[in-house]
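# An overview of the molecular structure
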Amino acid sequence: THFGFSEVPVDEKVKRVADVFHSVAGKYDLMNDLMSGGVHRLWKRITIERSGARPGHTILDIAGGTGDLTKKFSRIVGRDGKVILADINDSMLKVGRDKLIDSGTAGNVEYIQANAECLPFADNTFDIITIAFGLRNVTDKDAALKSMHRVLKPGGKLMVLEFSKTNNPVLSKLYDVYSFNILPQMGKLIANDAESYRYLAESIRMHPDQETLKDMMKTAGLVNCHYENMTGGVVALHTGIKP
Ligand code: SAM
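Parameters at a glance
Residues numbered from 1 in each chain as written. Predicted model: local features only at pLDDT ≥ 70, side-chain atom pairs only at ≥ 80, totals over all residues. Near = placed C-beta within 6 Å. Nonpolar A, V, L, I, M, F, W, Y, C, P; charged D, E, K, R; others polar. Pairing = 2+ DSSP bridges. Helix = DSSP H or I, 4+ residues; strand = E, 2+ residues; numbered from the N terminus. Axes fitted to C-alpha atoms, helices over the stretch in contact; angles between N-to-C directions. Contact = placed C-beta atoms within 7 Å. pLDDT = per-residue confidence, 0-100.

This next bit is on the site of the ligand. Residues in close proximity to the ligand total 20 residues, the closest being A63, G65, N89, A116 and A132. Counted by class, the shell around the ligand contains ten nonpolar, seven polar and three charged residues.

Listed below in structure tokens is the structure:
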């Protein structure tokens, strides 16, 4: 592999993920817009539309980073609802909190540093949980899915937005060139950090494909599991319900 990432021990992966996000936090939003040509905004908007979020809901945005989804949910759930922006990385969380406070986002958001693998919430707490472009960074994905299942209310919905596998060979080729050549160069130019963006490309390649992730969600105890491909399967939105 390019980064040697798949062969490193677990503790080392945790440290590398932490280093990457400490390093990119300040430039994360800018890089996101540049690298996706702004399309991540569309992927996130669709996620919000499909979420069924309503006033009064309690929502967890885990691996929420700089809080794009949290910001939108906060407007929807209103005064009687609550959104928790949680992330393992305090640099990302801080950038997110500052951004949300600056944008005047209502007082219905809480900021919590937490690991998706062992969420510090009571059973049956949330109506909706989102994890957007986060699961691929988690070391023990099965533990994370189980933990998210545990804290969902019965009938609650888990949504996983993540890079996935396109079955279009042309798109797939373009995407490889993009992620292993153009992306690290942009990372170098803009954030002076090619290595972090090389890691991101590597983590995308290693992430389970649509059907595998769907099975993992079923194994975690979720039902009605399905996914929707976006941008030709470059990204997929998986959803599952806690019975
Ligand atoms: N959800 C945001 C978005 O869509 O813009 C941020 C996505 S960012 C690519 C991935 C985030 O996952 C980072 O903020 C990182 O700190 C977080 N993360 C990585 N491992 C995690 C874990 N085990 N538990 C919680 N968050 C984690």
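Text resumes after the structure shown.
What follows deals with the sheet that holds strand β4 (residues 126-132). Pairing in this open sheet of seven strands is mixed, and the strands run β3-β2-β1-β4-β5-β7-β6 from one edge to the other. Two strands in the sheet have a free side with no partner beyond their single neighbour: β3 (109-113) and β6 (223-230). Neighbour-to-neighbour, the strand axes of this sheet turn through a mean angle of 15°, independent of strand direction. Strand contacts of helix α4 (residues 68-77): β1 (58-62), β2 (82-87), β3 and β4, with the helix running at about 165° to β2, the strand carrying the most contacts. The strands touched by helix α5 (residues 90-102) within the sheet are β2 and β3, with β3 carrying the most contacts at an inclination of about 170°.

We now examine the environment of G104. Structurally, G104 can be placed in the loop between α5 and β3. Taking the C-alpha atoms as reference, G104 lies 28 Å from L152; in sequence the two are 48 residues apart.

This part is about the confidence of the model for the protein. Averaged over every residue, the pLDDT of the protein is 92; residues scoring 70 or more account for 96%. Note on residues 1-5: pLDDT is under 50 here. Beyond four places in sequence and across chains, it has twelve contacts. The complex model carries a pTM of 0.94, and its ipTM stands at 0.99.

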